[in-house]
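Here are the chains, one letter per residue:
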Amino acid sequence: MTTTAVTALGSDVHLIDTAMSGYDGITAAYAILGERPCLVETGTATSARTVVDALASLGVGAQDLATIVVTHIHLDHAGGVGDLTRAFPQARVVVQESGAKHLADPSRLMASARRVFGDAMDEVFGELLPTPAERIEAIGASGRVDLGGGRYLEGHHTPGHARHHLGLVDSASGDLYVGDAAGLYIPPDGADPLTGLAPGPVDAAHPGNAADVAGTMLPGTPPPDFDLDLALDSLGRMRELGSTRLLFSHYGPITRVCESLERAEEELRMWVGLVREARSEQMDLDHTLALVRDRTRERYARLLQRPEVAAKFEALSSSVANVVGISRWLERLERSERLDAAEKQES
Ligand SMILES: [Zn+2]
């Protein structure tokens, strides 16, 4: 049996470190205990054993898990769905509707992941196994997951990072499962496990991303779906949900909800601005990356002082993937602007 790290977050919520790629503290799953135990996110297929063991340590046996919810179908979030539906034969799977068919038949999703990740695929992610369609429940714009005893998760479609992304609010705790819709969050050293905040005063000399107390935020803007307008709309919608704590899949809780969502927006706008600037100067990918690194060095100064942490998160969501995802979106935007202009000229 592998040893697993489980952290109680209050309100019967437990963070499970899925130990993705052997790294601790980068990819989380969450167990919500109660009448109808629920797992939010599975981690990768290669993490399935770790997650099953963690649930067992929380007293959730093979027949007990009622629901598995994934915020989206990227393999670091949903890769273990097939293994876990086998380990928990009573569990139903909840997913946004445009992701549902890929959990029933993962062949296309796996083929495209293999093209992107090549040989690293098996080691990092493993194989997403199919789940019988009748065990999958799709959520459209919104929908509920019953946790028993009157408690529920309210799912909200929050596209931008991916088309098929859901944010979920816990009716009892007020927690908002943000998936990757607000990017990646790196807690500060010595953070309180319940609030994500480090002890000590906020350093007024380092506002925003360099704040001592509130960790670092990085954008998650991968191809092929990233869309800035959709991502900003989703952040706006999440701000209106009135949640009391954000639970990041990468990684952990933070109680500064409004401030964190605002920082997520700032990150997106800044990265898109830099890639836009690079495109207008017709820079290639290497020069664009150099520009982004150069201009963000001060912003992530505190993170860069912890190179081992920076490396973990770079492995998870690389600057290259972010730049390529933003570039693809800008290309789509420019194409549709050209089409609009051409139509105007014709009419
Ligand atoms: Zn992710």
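As shown above, the structure is provided for reference.
Here the residue numbering is sequential within each chain, running from 1 through the sequence in written order. Local features in a predicted model are, by the rule used here, given only for residues with pLDDT of at least 70; side-chain atom pairs are given and counted only at 80 or more, and totals for whole chains, interfaces and linings are based on all residues. For the side-chain quantities, the full set of heavy atoms in the structure was used; hydrogens and water were omitted.

**So, the overall build of the protein**
- Helix numbering and strand numbering both begin at the N terminus, where a helix is a DSSP run of H or I of at least 4 residues and a strand a DSSP run of E of at least 2. Counting its secondary structure elements, the protein contains twelve helices and 15 strands.
- Only the C-alpha atoms count toward the radius of gyration. The rule for a globule is 2.2 Å times the residue count to the power 0.38. Computed over the C-alpha atoms, the radius of gyration of the protein is 20 Å, within 12% of the 20 Å expected from 2.2 N^0.38 for a compact globule of 347 residues.
- Relative accessible area decides the class of each residue, using a 1.4 Å probe on protein chains only: under 20% of the type maximum gives buried, over 50% gives exposed, and in between gives partly exposed. Within the span of the protein, comprising 347 residues, buried residues form 54% of the whole.
- Here a residue-residue contact requires only that any non-hydrogen atoms of the pair lie within 4.5 Å. Put simply, of all contacts in the protein between residues at least 6 apart along the chain, 71% involve residues at least 24 apart.
- Computed with a 1.4 Å probe, the accessible areas rest on the Shrake-Rupley method; for each residue, only the protein chains presented here act as cover. When the accessible surface of the protein is totalled, it reaches about 15,000 Å², and 52% of it is carbon and sulfur.

**Overview of empty space enclosed by the protein**
- Cavity means a closed set of points on a 1 Å grid over the protein atoms alone, one where a 1.4 Å probe fits but cannot get out, pocket means an open set with protein on both sides within 12 Å along at least 5 of 7 lines, and lining means a residue has an atom within 4 Å of a point. Grid points are joined across faces, edges and corners, and a volume is the space filled by probe spheres set on the points. This structure, assessed with the given rule, holds one cavity of 30 Å³ or more.
- A volume near 80 Å³ is recorded for the largest cavity.
- Considering the residues around the largest cavity, the lining is formed by 15 residues, among which Ala-181, Ala-182, Gly-183, Gly-220 and Leu-268 are closest to the centre.
- Residue assignment for the lining of the largest cavity shows that the elements contributing at least two residues are β13 (216-218) and α8 (257-280).
- In terms of residues, the lining of the largest cavity owes the most to one element, α8, which gives three residues.
- Three categories are distinguished: nonpolar for Ala, Val, Leu, Ile, Met, Phe, Trp, Tyr, Cys and Pro, charged for Asp, Glu, Lys and Arg, and polar for the others, with Gly belonging to the last. Looking at side-chain class alone, the lining of the largest cavity contains nine nonpolar, four polar and two charged residues.

**Let's talk about α8**
- Spanning 24 residues, α8 covers 35 Å between terminal C-alpha atoms, matching the ideal 34 Å at 1.5 Å per step.
- Directly after α8, the chain includes Gln-282, whose backbone phi takes a positive value near 55°. Helix span, expected: 1.5 Å multiplied by one less than the number of residues in the helix.

Function-wise, these values are silent; they only describe arrangement.
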